[in-house]
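# A closer look at the structure
Listed below are the residues making up each chain.
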Amino acid sequence: MRYQVIIVLFAILALISGCGTPPSETTPVSTTTSQTQSAPPSTTQNGDIPSSTPEEELEPGVLLPGQLDASMLNQIVKVRGEIVQVFQDPGGQGGYYFNVSGGGGVVGLRIEDETWNSLTDIEKAGYQQGNVVTFEGMLVQHEDELVVVLVIMPPPSEPAEARIATAIVIPSDISKIDYPGFYNNPSVVQDYIVENACCAIERDEITYPAEYLGDFAFPVVTGAPLPSSIQRLVGLKDVWIPEPNLNEGCVSSGFEAMREAYEKTLPRVKALNADGITFSNYVHITDYQNAVIAGPENAAMPEDDLRFAAGKAREQGLDMVLYLNLALADEVDSLEVLDEDWLAALIRNWGVFVLNQAGLAEETGIGAIMLNHFDCQFGIAGYEDVFQTEMLALLQQVRGVYSGKVLLMIEPLWGAELGKLDRLLNDVDGFLFTPVTNILENADDKTVSVDNLKSLYLNHLEEIGRDFGMYGKPFYLRVLIQSTRVFLEEGWHEEMFCIQHGDDPCYQNSLEVDFSVQAIAYEAMMEAISEASGNYFEIAAVDAYGYWYTDVILPNISHPQIGQSIRNKPAECIVRRWFERLF
């Protein structure tokens, strides 16, 4: 996502509705002033195309069509290949469509009318059947086809700067912050300029608007640390992408920058007194109606990168818990179980990915792995029998290749008859659970205070204990608390990329940032967890989830300032205190 055109992704997906394999009545054409790209396809000075093959002289970061897979969906890719077919006005949608081959595979290339018309005649002349071309655009999926939608890319820009009228400057070394006094009586700087505001990986000092601190006084940490039996985890943000900041103008090649950001984040995790990390990998469900899921080779994180991540964590003395996710490649009207056969097929197809990840987890010494998934989430009430049968079969297969702990996320079980799931609930090693995020939505008292929130969190945890405590399984609690003023009532908002609401192309920019809300909620949650531990159920681990990979905190396309990350926010100091160990 180097230039992060994801804000136009939904428009692009609509445009390619006729841009997969062109309809049979659409005739391939051989053009003389057709076919295009963001720069002339390796042209000579007179516009001729040199004789070459796709594999010759590949530049860094350039892929062959056969190297593309679903893990790269919605990202900007640069591709080199030979044009083998040309279609004008595919499906009556205008523009051009090309089939481009190389590296043992074929990818579609879609050029919309507006983009085509912006090209020079020399650029257009480059796109003829038989020519080898290099082009750049967003990779999307239409039916079973991978398609690159050509985007005219701006040249790499100079590192952006940001001017902040009233700023607070904090050290990245958390041990130098006197909490809570530092934030309750902050020193502010007027008219501060932040260099390279959007693309840095790490900084010595972090600067953001003083107004981000929010409306409330920062709470005193009371009762810390957590009981020694509880494992302290920091959950890293659930992405693995070429450019870790996701911001416009940031340039990277492959996963090099992501690896660098990850490796530099691990010492930050250690500084929080954490024992380990949680880490996520995912595949897409590519056809919801038919329960089709992309294979492990299309996972967001390639196998070598997962080995790298596990190895680097081990070097730092950090344990790893592997979360798994099933993401939606296409929009669906609602997430629901279609019927028993559908659910059985989905779990079996999901199992292919789980077994692959379990094998890697065994190889790399990962201590725990998730059996089910986040994101593509539906309730299984009414389908308990088939859910238990299929999940037990998958659990047995996982046990055959993996010796670590296997965790079940319990959220899909809301409203289900737990008695029909007894075998599954007894056979897994632990429960993964995210305490409710919009805790104030239905509360009579909506006061943002530690006492009020702690009381609400305790009631919530007690309810979970009544339902699931009988199984005697340890809980892994994933704490997800964002830093917006409305979070405690509205819950989660997308912080990775812009979303359009009405005429507003990026509604998240209108959300009020409030670090004090996040800090108060974290303190209340930690106090509640400490009290609940051993009373309502056993707590094996607490995960401060969603930790950002970089020190960038100012918005551009990504929105770490409103997200669940605690990095460089006051809540980070609170977590550090609760994660301390007395012995």
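Residues numbered from 1 in each chain as written. Predicted model: local features only at pLDDT ≥ 70, side-chain atom pairs only at ≥ 80, totals over all residues. Heavy atoms only, no water.

### Digging into the overall build of the protein chain
A tally of helices and strands in the protein chain yields 13 helices and 19 strands. Considering the protein chain as a whole, with its 583 residues, one finds that 58% of them fall into the buried category. Look at the contacts in the protein chain between residues 6 or more apart in sequence, and 78% of them connect residues 24 or more apart. (Helix = DSSP H or I, 4+ residues; strand = E, 2+ residues; numbered from the N terminus. Buried < 20%, exposed > 50% of the residue type's maximum accessible area, 1.4 Å probe, protein only. Contact = heavy atoms within 4.5 Å.)

### Here we look at the pairing of strand β19 (residues 539–547)
Walk down a regular strand and you will see the side chains alternate between the two sheet faces. Taken across its 9 residues, β19 has 9 buried, putting it largely inside the fold. Sheet topology note: the strand β10 (residues 231–236)/β19 ladder contains 6 bridges and is parallel. Bridged to L233 within β19 is D543. With 5 bridges joining them, strand β18 (residues 475–479) and β19 adopt parallel strand pairing. Within β19, the position partnered with F475 by the bridge is I539. (Pairing = 2+ DSSP bridges.)

### As for unusual backbone geometry
Of the consecutive residues Y179 and P180, the connecting peptide bond is found in the cis state with omega at 5°. Relative to the assigned elements, P180 resides in the loop between β7 (162–171) and α4 (181–184). Of note in the backbone geometry, N196 takes a positive phi value of approximately 45° without being a glycine. Along the polypeptide, N196 turns up in the loop between β8 (188–194) and β9 (205–209).

### Looking at the pairing of strand β3 (residues 96–102)
Within β3, 7 of the 7 residues are buried, leaving the element largely enclosed by the surrounding structure. Relative to β3, strand β2 (residues 76–88) runs antiparallel, the two sharing 6 bridges. For F87, the partnering residue across the bridge sits in β3 and is Y97. Here β3 pairs with strand β4 (residues 105–111) via 7 bridges, running antiparallel. By the bridge assignment for β4, Y97 is matched with R110. In textbook terms, the turn of a hairpin is the stretch between consecutive antiparallel strands, and for β3 and β4 this stretch comprises 2 residues, one of which, G103, has a positive phi near 65°.

### Examining the state of the cysteines
In total, this model carries 2 disulfides according to the counting rule given. Linked covalently through their sulfurs, C199 and C250 form a disulfide whose S-S length is 2.0 Å. Because the torsion about its S-S bond is -90°, the bridge between C199 and C250 counts as left-handed. Residue C199 is found in the loop between β8 and β9, and its partner C250 is found in the loop between β10 and α5 (256–271); the two are separated by 51 residues along the sequence. (Disulfide = S-S within 2.5 Å.)

### Focus: helix α7 (residues 340–364)
Helix length check: α7 (25 residues) gives 36 Å between terminal C-alpha atoms against 36 Å at 1.5 Å per residue, within 8%. With a side-chain oxygen lying 3.1 Å from the backbone nitrogen of D341, the N-terminal cap of α7 falls on D339. One or two residues past the end of α7 sits G365, with phi positive at roughly 80°. (Expected span 1.5 Å × (residues − 1). Polar contact = N/O pair within 3.5 Å; in protein donor to acceptor, adjacent residues only side chain to side chain.)

### Brief notes about the pattern of salt bridges
For the structure shown, the criterion picks out 24 salt bridges. The salt bridge involving R485 is made with D215; its shortest N-O contact spans 3.2 Å. Highlighted residues: R485 in the loop between β18 and α11 (487–490) and D215 in the loop between β9 and β10, separated in sequence by 270 residues. The exposure class of D215 is partly exposed, given its relative accessible area of 49%. Close ionic contact of D514 with R485 constitutes a salt bridge, the shortest N to O distance being 3.9 Å. Separated by 29 residues along the polypeptide, D514 in the loop between α11 and α12 (515–532) and R485 in the loop between β18 and α11 bring together distant segments of the chain. Classification of R485 as partly exposed rests on a relative accessible area of 28%. Within this structure, R268, D551, R567 and E572 form a network of salt bridges that share partners. (Salt bridge = Lys/Arg side-chain N within 4 Å of Asp/Glu carboxyl O.)

### Considerations on the sheet that holds β8
Taken in spatial order, the 3 strands line up as β8-β7-β9 in an open sheet, and their pairing is antiparallel. Two strands lie at the open edges of the sheet, namely β8 and β9, each paired on one side alone. For this sheet the average axis-to-axis angle between neighbouring strands, irrespective of direction, equals 60°. Bridging between β7 and β9 involves 5 bridges; their strand directions are antiparallel. Looking at the pairing, I170 lines up with I206 of β9. (Axes fitted to C-alpha atoms, helices over the stretch in contact; angles between N-to-C directions.)

Purely geometric stuff here, so don't read any function into it on its own.
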